[in-house]
Amino acid sequence: MREKWIPAFAGMTECSGNSRRLKPAATTTLFVMMIFILPVLCNAGVGTTGGVFLEDSVGARPYGMGSAFSAIADDANSIYSNPAGFHYLAYPEITTMYNKALMDTSLSYIGYIHPYENIGTFSGSFLLFDGGDIELNYLDSTSEKVKAGQDWAVTLGYGRSIGNSEIFFGGANIKLVRSTLVNKYSAIAIAMDAGLLYRTIDNKLSISLAFQNLGTKLKYKNIGDSLPFTSKFGVAYRILELEGHSVLLAGDFSLNFVKKNIGVEYWVMQMFALRLGAKLGYNPNSYTMGFGINVFSDTKLDYGYSPMIDETTHRISLSFKFGSQDKITLADKYEEKGMYARAQYIRNPDDYMYAKANTIKEKDGFIPIITSIEPKKAGPGTEIKIFGEKFGKYSNVTIGDVFAEVIKSEEKRIIAKVPNIKAGESEVVVQTDKGVSLSKTLSVMPSKPAMLEVSEITFKDENQDNILGAEETGNIIITVKNQKGAGESFGVKVKPVCTSAKNDLFFDNEINIGNIGSGEERKVEIPVKAGLDLTTGKASFKLSFTEANEYNPDPVNITFDTHKLEPPDIELAKFEIDDGMYPYNPEKLASGNNNGILEPGEQVEINAVIVNKGTGPTKNGVVKVICSDPKINISSLSQSLEFDLGSIEPEKWKEIKFAIEVKKQYKGEQNLPVKLQFSEARKMFNKDLAMNIGLGRVYAKTQDVVIKGKSFDIAIPTITSFGDDLINIPAYATTEKKNAYAVVVGIEKYRDVVSAEYAAKDAQSIRDYLISAMKFKEENIRFALNERASRNDLIRYFNVELKNNVEKDSLVFVYYSGHGAPDATTGDTYIVPYDGDPNTIKDSGYSLKQLYEVLSKLPTNKILVVIDACFSGAGGTRTLLAKGARPLVVSKDTDTGNAIAITATGAGQISGTYDEKQHGLFTYYFLKGIQGEADINKDKEIMLSELYGYLKPEVIRKARKDNRDQEPQILPSVNQIGEFEKLPLAILK
């Protein structure tokens, strides 16, 4: 009988009976073969001892991704990667695989998964490794081909969600493993796989933990080999998922992070997939590639390979899913498994994510977006295409606030029909259940062309002399008309271009006129601002027009005169000195011997008049007192040596007051080195004004000043002495009124009407006496002069600030000096604010009725209103243009509510001025009374009844000298002054 060779593995003994022995050459060949083959087989994912064929993933898809599949686990390949992925599968699925490896080795596999709704998902698989044939040579010269090794494994598995969760899954396998070597030696082992999986509802992120091949050893005779136990942590993230395109990144890491499997999968239109993978930390490292094809919706072919040292290993899989892949059906299947959130997400991902959004910012990510509209011009009935994102199948479109017929709506495109709307630029908006898009403009074409023409063009400037002066603003005024019966025009714009030589003019390059309907016209003003360098001459402009449908009118030209800057010329008109002694008046700066001569060792008060002798006004003028000698001290009541002059019109003047102290140690010139430094917004007009003040001189009280006008000399009337007796505020013992509030309004310069003379000075004096005599806290006084007394300002002061501050025990004082006007239709009386217009007084004024109603709602009964404007009953014609007049028409029986009102006039009278004192007549005697003149009983207390009893006859007397009637009134009456019967307005020391 022939002897045969058998492999001599460790633990194998010599065969008996036939006395067969291995030849030494055959034994060496077999060992060398196993030493070199087994490591290669291990690296290829197969093996012959210790169940090495169980170490790698199963399936061509995982293999092409470098076996990084434990966190993906979304098909039947999860049986050998991570059984926790079973319950994620919606349908039964079967997969097969064949692996052609090195030296005729192969790996075959079939696996099946079957879900049972809420029960869970079961699986079964069979894995077969074929180690290929080897030839054994025996001592008797015979040979035999046998299988080098043949191993198989059968698994049964189960998986489901954890605690009915839709994001946490678990699963396990029981595995029976059998290994056979050279058709003779075999071993059996039992093992277990287990895994956990977290997967977000949108399937973007998955995290896994898996354990494999935990079980008994494979024992060949008396030698046992442990199964290749592995434990790994996996992560998968889908970084792109857009209209059939998706990119999936995955990684599996051994728990000690020595071995790392990394893979990427890219699907194109969900039809074809490309895969790359890497196995790092292995000996050696390797790289894999592969692809997948969806042959049908339920059939998939996968291929993977790895280029090795000598050969390339190939792996191919064919998989079948037993169920429709339609979204609706798939969602229904998930509902049967109790996964309602996943079902909702599959049906409409945007709806689900929008419902889960927690913030407005997150929800804004679902609002539709319009990127463009084609065509950009279209008439009613025309189909347009709206391009953008997040439209969906059910989108509404509005064009010009009218719903358009939507012919077709897709995720990125909507086809709609322009409704029958008015021609012009209309806003297009797309609305879904997630929100409303930002609008895009569509030009709706008219049915007929527009017929535009410029019907009128003119120019107006601020002073209405039709000449644009330097720093002045004028307006080119044009009227564009569309002929009756023509089509509508829209988007009409005018573009002015200056065609004359450079002339320091500023204007807008384009001004919108808007839409002009058939038979309509539009008037537009084009502001033109002149700079400082404007020259005298002509300015010419060409006005060109555009219209959205190119129905623009013809260009027009306009030319107007320009004039260079009229300069101011500031001079020191006069100054007076006061060297008296005022120990009880802190408002006086003088401290001298009262001989009218400036002498060393005394301090004199200087009252200076600054006059504008030029032909143009100053702009933001400031004068500063300068002295170069340290032995001369300059001071003022405000501790500042800068005085704000503002705007001084030609032939007008402003007054300043400061003090000069010449120390006895002064050794300088008799003529003191003191000057006034004038500056304003335009540096070219800055200048120094010499004082020419010297020691030992006596100065006249009055000087005449002659001012040169534009074309002839104008004699300025003698400037009255401004030793104004109201400036000398006496000392008071009045207790400080911490809870008292005042609103003081003085409007002398109006924006659109004639000035109310001395009104600003009246208000300033009232404010000074409120602080010094009546002891109001300065921060509790709202002080509004001229442009700071607009209608909105008055509303804020009266309606808001008083309401927010006044309390039950508060004292409220309201003073107004300026113009008033009646409403001709109702007879109601109104204060004229800085920006008011007597012709539209109902809309632009502030009514006295409203004032008293506002004051009546305050929680206090101590309210005093003082108005230096005339009150008249019904009838009478007066105008705001009357010099010195401040007309305000009110009813005799005006209801002042809980306020006491003292007014400058009675019915049918005009409130006049006291020119010699540069005050309103009524306000002058009101303050003279507070000074002490009204203290009839000499008890040092100025009561309201005393004050009224004093000023009324004084005003009547002085007005009659001026040949007019003026009689102040108190409302409701002097016998009904309530709280003011026991409340002194001021207490003299």
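Residues numbered from 1 in each chain as written. Predicted model: local features only at pLDDT ≥ 70, side-chain atom pairs only at ≥ 80, totals over all residues. Heavy atoms only, no water.

Asker: Help me out: how do you make sense of the overall build of the protein in this one?
Answerer: Secondary structure assignment for the protein yields 13 helices and 62 strands. Counting across all 989 residues of the protein, residues that qualify as buried make up 49%. Counting only carbon and sulfur atoms, one obtains 52% of the accessible surface of the protein, whose full area is about 46,600 Å². (Helix = DSSP H or I, 4+ residues; strand = E, 2+ residues; numbered from the N terminus. Buried < 20%, exposed > 50% of the residue type's maximum accessible area, 1.4 Å probe, protein only. Areas by Shrake-Rupley, 256 points an atom, 1.4 Å probe, with all protein chains shown as cover.)

Asker: Sorry if this is basic, but what is going on with the pairing of strand E57 (residues 900-903) here?
Answerer: Each regular strand displays side chains that alternate between the two surfaces of the sheet. Alternating residues of E57 divide into Ile900 and Ile902 and Ala901 and Thr903, and every residue in both groups is buried. One ladder, built from 4 bridges, connects strand E54 (residues 862-868) with E57; its direction is parallel. Following the sheet pairing, Ile867 is matched in E57 by Thr903. Relative to strand E61 (residues 969-971), E57 runs antiparallel, the two sharing 3 bridges. (Pairing = 2+ DSSP bridges.)

Asker: Looking at this model, I keep getting lost on the sheet that holds strand E35 (residues 521-530). Mind explaining?
Answerer: As a general point, the strands of a sheet are linked pairwise by backbone hydrogen bonds and lie either parallel or antiparallel. Read from one edge of the open sheet, 4 strands run E29-E31-E35-E33, paired in antiparallel fashion. For this open sheet the edge positions go to strand E29 (452-461) and strand E33 (505-506), each flanked by a neighbour on one side alone. Both E29 and strand E31 (residues 473-482) contribute to a ladder of 9 bridges, which runs antiparallel. Opposite Lys460, over in E31, you have Asn475 as the bridge partner.

Asker: Just checking my understanding: could you explain the side chain of Lys279 for this structure?
Answerer: As for its placement among the helices and strands, Lys279 is situated in strand E15 (residues 272-280). Among the polar contacts made by the side chain of Lys279, one reaches the side chain of Ser67 at a distance of 3.5 Å. If we ignore the near neighbours within four places in the chain, the residues touching Lys279 are Asp56, Tyr63, Gly66, Ser67, Lys260, Asn261, Asn285 and Ser286. (Polar contact = N/O pair within 3.5 Å; in protein donor to acceptor, adjacent residues only side chain to side chain. Contact = heavy atoms within 4.5 Å.)

Asker: For this particular structure, what's the right way to read the packing of helix H4 (residues 327-336) against helix H5 (residues 340-347)?
Answerer: The angle between the axes and the distance between the axes are what describe a pair of packed helices. Following both chains from N to C, one finds H4 and H5 inclined at 170°, their axes separated by 7 Å at the closest point. Considering the angle they form, H4 stands roughly antiparallel to H5. Residues Lys327, Leu330, Ala331, Asp332, Tyr334 and Glu335 of H4 touch H5, and the partners they reach there are Tyr340, Arg342, Ala343, Ile346 and Arg347. (Axes fitted to C-alpha atoms, helices over the stretch in contact; angles between N-to-C directions. Parallel < 35°, antiparallel > 145°, perpendicular 65-115°, else oblique.)

Asker: What should I look at first to understand the nonpolar core in this one?
Answerer: In globular proteins that are soluble, nonpolar side chains generally tend to be buried together. By size, the foremost hydrophobic cluster in this structure holds 45 residues, and its most contacted members are Leu770, Phe776, Phe813, Leu864, Phe926 and Ile930. Where this core is concerned, the elements lending two or more residues are strand E48 (740-746), helix H8 (759-772), strand E50 (811-817), E54, E57, helix H12 (921-933) and helix H13 (944-961). (Core = buried A, V, L, I, M, F, W, Y, C linked by side-chain atoms within 4.5 Å.)

Asker: Could you clarify how one ought to interpret H4 in this entry?
Answerer: Residues three or four positions apart in an α-helix share a direction because the helix packs 3.6 residues into each turn. Within H4, burial applies to Leu330, Ala331 and Tyr334. Summarising the axial view, the buried residues of H4 lie within an arc of 100°, below the 170-degree limit, and thus occupy one face. Looking at the packing, one finds that the buried side of H4 touches H5. The residue sitting at the N-terminus of H4 and contributing the capping side-chain oxygen is Asp326; that oxygen lies 3.1 Å from the backbone nitrogen of Ile328. (Arc of directions from axis to C-beta.)

Asker: Sorry if this is basic, but what is going on with a nonpolar patch on the surface here?
Answerer: Where nonpolar side chains cluster on the molecular surface, the patch consists of Ile110, Phe126, Val154, Ile174, Leu176, Ile188, Ile190 and Met192 and spans about 670 Å² of accessible area. Taken together, the elements giving at least two residues each to the nonpolar patch come down to strand E7 (168-181) and strand E8 (185-199). Per element, the largest residue contribution to the nonpolar patch is 3 residues, and it comes from E8. Residue position: Phe126 is located in strand E3 (residues 120-130). (Patch = residues over 30% accessible without salt bridge, like charges linked within 9 Å, V, L, I, M, F, W, Y side chains within 5 Å. Salt bridge = Lys/Arg side-chain N within 4 Å of Asp/Glu carboxyl O.)

Asker: Which parts of the structure should I look at to understand the packing of aromatic side chains?
Answerer: Ring pairs (aromatic) are described by centroid distance and by the angle formed between their planes. Evaluation of the coordinates by the stated rule reveals 21 aromatic pairs. Summarising the aromatic geometry, the rings of Tyr914 and Tyr924 are spaced 5.0 Å apart at their centres and angled 80° between planes, so their arrangement reads as edge-to-face. In this pair, Tyr914 sits in strand E58 (residues 913-914) while Tyr924 sits in helix H12, placing the two residues 10 residues apart along the sequence. Since its relative accessible area comes to 4%, Tyr924 is described here as buried. An aromatic cluster is present here, built from Phe272, Phe291, Tyr303 and Tyr305 joined pairwise through their rings. In this structure, Arg315 is placed above the aromatic ring of Tyr63, and the distance from its NZ or CZ to the ring centre is 4.2 Å. Over the face of the ring belonging to Tyr354 we find Lys434, whose NZ or CZ atom lies 5.8 Å from the ring centre. (Phe/Tyr/Trp six-rings, centres within 6.5 Å; stacked < 30°, edge-to-face > 60°. Lys NZ or Arg CZ within 6 Å of the ring centre and 35° of its normal.)

Asker: Is there a simple way to think about unusual backbone geometry in this case?
Answerer: Only a minority of non-glycine residues have a phi that is not negative, and only a minority of peptide bonds are not trans. Across the junction of Glu374 and Pro375, the peptide omega takes the value -10°, indicating a cis bond. In this structure, Pro375 sits in the loop between strand E19 (369-374) and strand E20 (377-378). In this chain, Leu971 is followed by Pro972 through a cis amide linkage whose omega measures 5°. Mapped onto the elements of the fold, Pro972 is located in the loop between E61 and strand E62 (986-987). Located in the positive-phi region is Ser67, a residue other than glycine, with phi close to 65°. Relative to the assigned elements, Ser67 resides in the loop between helix H2 (60-64) and helix H3 (78-81). The class for Ser67 is buried, based on a relative accessible area of 6%. Of note in the backbone geometry, Lys775 takes a positive phi value of approximately 60° without being a glycine. By the element assignment, Lys775 lies in the loop between H8 and strand E49 (781-785). For Lys775, a relative accessible area of 23% gives the class partly exposed.

Asker: For this particular structure, what's the right way to read the packing of H8 against H12?
Answerer: Look at H8 against H12: their axes get within 10 Å of each other, and the N-to-C directions meet at 15°. By the criterion of interaxial angle, the relationship of H8 to H12 is roughly parallel. Regarding H8 and H12, the two cross each other, and that crossing is left-handed. Taken together, the residues of H12 that come into contact with H8 (itself represented by Asp762, Ser765, Ile766 and Tyr769) are Thr923, Phe926, Leu927, Ile930 and Gln931. Residue classes in the contact of H8 with H12 are distributed as 5 nonpolar, 3 polar and 1 charged. (Left-handed = near helix turned anticlockwise from the far one by under 90°. Nonpolar A, V, L, I, M, F, W, Y, C, P; charged D, E, K, R; others polar.)

Asker: In this structure, what is going on with the environment of Ala355? I would like to understand it.
Answerer: Tracing the chain through its elements places Ala355 in helix H6 (residues 349-356). C-alpha separation for the pair Ala355 and Lys434, spaced 79 residues apart in sequence, amounts to 9.6 Å.

Asker: Quick question: what am I supposed to make of the side chain of Glu547 here?
Answerer: By the element assignment, Glu547 lies in the loop between strand E36 (537-546) and strand E37 (556-563). For the buried residue Glu547, which engages in no salt bridge, the nearest side chain bearing the opposite charge is Lys377, 7.0 Å off. A polar contact of 2.8 Å, which involves the side chain of Glu547, links it to the backbone nitrogen of Tyr551. Residues within four places of Glu547 in sequence aside, it is in contact with Leu452, Ser489, Phe490, Gly491, Val492 and Asn552. (Lys, Arg positive; Asp, Glu negative; His and termini not counted.)

Asker: Can you walk me through the confidence of the model for the protein in this structure?
Answerer: Mean pLDDT for the protein: 84, with 89% of residues reaching 70 or above. A low-confidence stretch, residues 700-723 (pLDDT under 50), is modelled with 47 contacts involving residues beyond four sequence positions or located in other chains. (pLDDT = per-residue confidence, 0-100.)

Asker: So what exactly am I meant to see when it comes to the pattern of salt bridges here?
Answerer: One side chain can pair with another of opposite charge once the charged atoms of both are near each other. Throughout the structure, instances matching the rule amount to 40 salt bridges. The partner of Asp75 in a salt bridge is Lys300, with the nearest N and O atoms 3.8 Å apart. One end of the pair, Asp75, is in the loop between H2 and H3; the other, Lys300, is in strand E17 (residues 299-307), and 225 residues separate them in sequence. In this structure Lys300 comes out as buried when scored by relative accessible area, which is 13%. Taking the shortest distance from any N to any O, the salt bridge between Asp351 and Lys434 comes out at 2.2 Å. Taken as a pair, Asp351 in helix H6 and Lys434 in the loop between strand E26 (424-432) and strand E27 (435-436) lie far apart in primary sequence, 83 residues in all.

Asker: Can you help me understand the sheet that holds strand E51 (residues 820-822) in this one?
Answerer: One open sheet accounts for 3 strands, arranged E51-E52-E53; its pairing is antiparallel. The sheet is open, and its two borders are formed by E51 and strand E53 (846-847), each paired with just one other strand. Bridging between strand E52 (residues 829-831) and E53 involves 2 bridges; their strand directions are antiparallel. By the bridge assignment, Tyr830 is partnered in E53 with Ser847.

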